Amino acid sequence: MPPAKKSLVDRLIEGYEKAKKPIAFTVMIVAVMLGSLPDELLPERMRAITNTAVLLALALILMEILFEVYERVVKEKKELNLINSNQLFQEIQDIVIKERKVDIKYLALAGRFGWQNVLEKMLNENEPNSLISKRIEFNIEIALLDPEQAKSDAMFERFDMLESTTRSITKVAKLVPEISTGDSSLQLYFYKHMPNMIGFLVNDNYLFLTYSHWEHVRGELVLRAGGSDYFVYNKNDDFGGQEFIRRFTGWFDFIRATGSSPTT
């Protein structure tokens, strides 16, 4: 079913929302220029009326922008955001698409969901809004369980997709220098310990976090990792975002320092 056509009023409102910042800048320039015009071109009485109208329009636009900023800050600080894993791609893309340079750290167990449904899509050169297509420089680091460790430990036997995910990542990593811009890179690390924190850290500021856990399935304990709801933190929230980011970064630094890397 085709989307409903927008009315003229809807289009005007949408156009104003996109243009109000440039309009405010233009109005400010006009206000300055009016003050410099000679009386021959703009009589004193007309100048006062015009200045009042221009400054009133500028004040209304700036007040609206300030209220929007305030509402976003209050919402961001007061509401702990919990999203489903299916929302990860859009949430992260909304952040990185505005940047000139992007840093992403992804810590997972087998990494199938986070790689196929998030990062691989962001590196797809045929996707118009991908990091490749938008010519955004990036540094993406991925930490997964060592495939050899998965083979030797029974508790990881469910994660047989680890090797195929690893092959896919290393294949793309080899192509990155050819299809990306600047000093972009894709790096993969392996760790051998029991995973705990799982998620994405974007630009060292936005953390999408979940945890591996054990649950009873048909009388047996089964390890779960990812594919569930994610808590969303940032360094300026009121829910310990800075502390969670510090812990996540610490785990990643440990893996980078002690693990192995097939993409080196």
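In this text the structure is predicted, and so the values were computed from the model without any measurement.

A.B. asks: How do you make sense of the overall build of the protein chain when you look at a structure like this?
C.D. replies: A tally of regular secondary structure across the protein chain gives seven helices and nine strands. Residues counted as buried form 37% of the 264 residues belonging to the protein chain. By sequence separation, contacts in the protein chain at least 24 residues apart represent 70% of the contacts at least 6 residues apart. Total accessible area on the protein chain stands at roughly 16,200 Å², and carbon and sulfur atoms take up 56% of it.

A.B. asks: Got a minute to help me understand the pairing of strand 6 (residues 206-211) in this structure?
C.D. replies: Residues in a regular strand point their side chains to alternate faces of the sheet. Bridge count between strand 5 (residues 197-202) and strand 6: six bridges; the pairing is antiparallel. Opposite glycine 199, over in strand 6, you have leucine 209 as the bridge partner. Counted along the chain from strand 5 to the antiparallel partner strand 6, the turn is three residues long, and its residue asparagine 203 has a positive phi close to 55°. Both strand 6 and strand 9 (residues 230-234) contribute to a ladder of four bridges, which runs antiparallel. Residue pairing for strand 9: leucine 207 is matched across the bridge by tyrosine 233.

A.B. asks: So what exactly am I meant to see when it comes to the sheet that holds strand 5 here?
C.D. replies: Sheet strands pair via backbone hydrogen bonds, and the direction of the pair is either parallel or antiparallel. Reading across the sheet, the seven strands line up as 1-9-6-5-2-3-4 and stay open at both edges, with mixed pairing between neighbours. At either end of the open sheet lies a strand with only one pairing partner, and these are strand 1 (81-83) and strand 4 (185-191). Each strand axis lies, on average, 15° off the axis of its neighbour in the sheet, ignoring direction. Two elements, strand 1 and strand 9, share three bridges in a ladder whose sense is antiparallel. Bridging from a neighbouring strand, leucine 82 pairs with phenylalanine 231 of strand 9. Against the sheet, helix 4 (residues 112-122) engages strand 2 (101-107), strand 3 (137-145), strand 4 and strand 5, with an angle of about 165° to strand 2. Along the sheet face, helix 7 (residues 241-258) touches strand 2, strand 3, strand 4, strand 5, strand 6 and strand 9 and points at about 105° away from the line of strand 5.

A.B. asks: How should I be thinking about the packing of aromatic side chains in this particular structure?
C.D. replies: Aromatic rings considered in pairs are described by the distance between their centres and by the relative angle of their planes. Summed over the entire model, instances satisfying the criterion amount to six aromatic pairs. Ring geometry for tryptophan 251 versus phenylalanine 254: centroids 6.2 Å apart, planes at 85°, classification edge-to-face. Residue tryptophan 251 and its partner phenylalanine 254 are located together in helix 7, separated by three residues, close to a single helical turn. Tryptophan 251 gets classed as partly exposed once you look at its relative accessible area, which sits at 32%. The class of phenylalanine 254 is partly exposed, set by a relative accessible area of 42%. Ring pairs connect the aromatic residues Tyr189, Phe248 and Phe252, which therefore count as one cluster. Over the ring of phenylalanine 89 we find lysine 121, and its NZ or CZ is 4.0 Å from the ring centre. Over the face of the ring belonging to phenylalanine 244 we find arginine 247, whose NZ or CZ atom lies 5.6 Å from the ring centre.

Cut-off values and rules
- Residues numbered from 1 in each chain as written.
- Predicted model: local features only at pLDDT ≥ 70, side-chain atom pairs only at ≥ 80, totals over all residues.
- Heavy atoms only, no water.
- Helix = DSSP H or I, 4+ residues; strand = E, 2+ residues; numbered from the N terminus.
- Buried < 20%, exposed > 50% of the residue type's maximum accessible area, 1.4 Å probe, protein only.
- Contact = heavy atoms within 4.5 Å.
- Areas by Shrake-Rupley, 256 points an atom, 1.4 Å probe, with all protein chains shown as cover.
- Pairing = 2+ DSSP bridges.
- Axes fitted to C-alpha atoms, helices over the stretch in contact; angles between N-to-C directions.
- Phe/Tyr/Trp six-rings, centres within 6.5 Å; stacked < 30°, edge-to-face > 60°.
- Lys NZ or Arg CZ within 6 Å of the ring centre and 35° of its normal.

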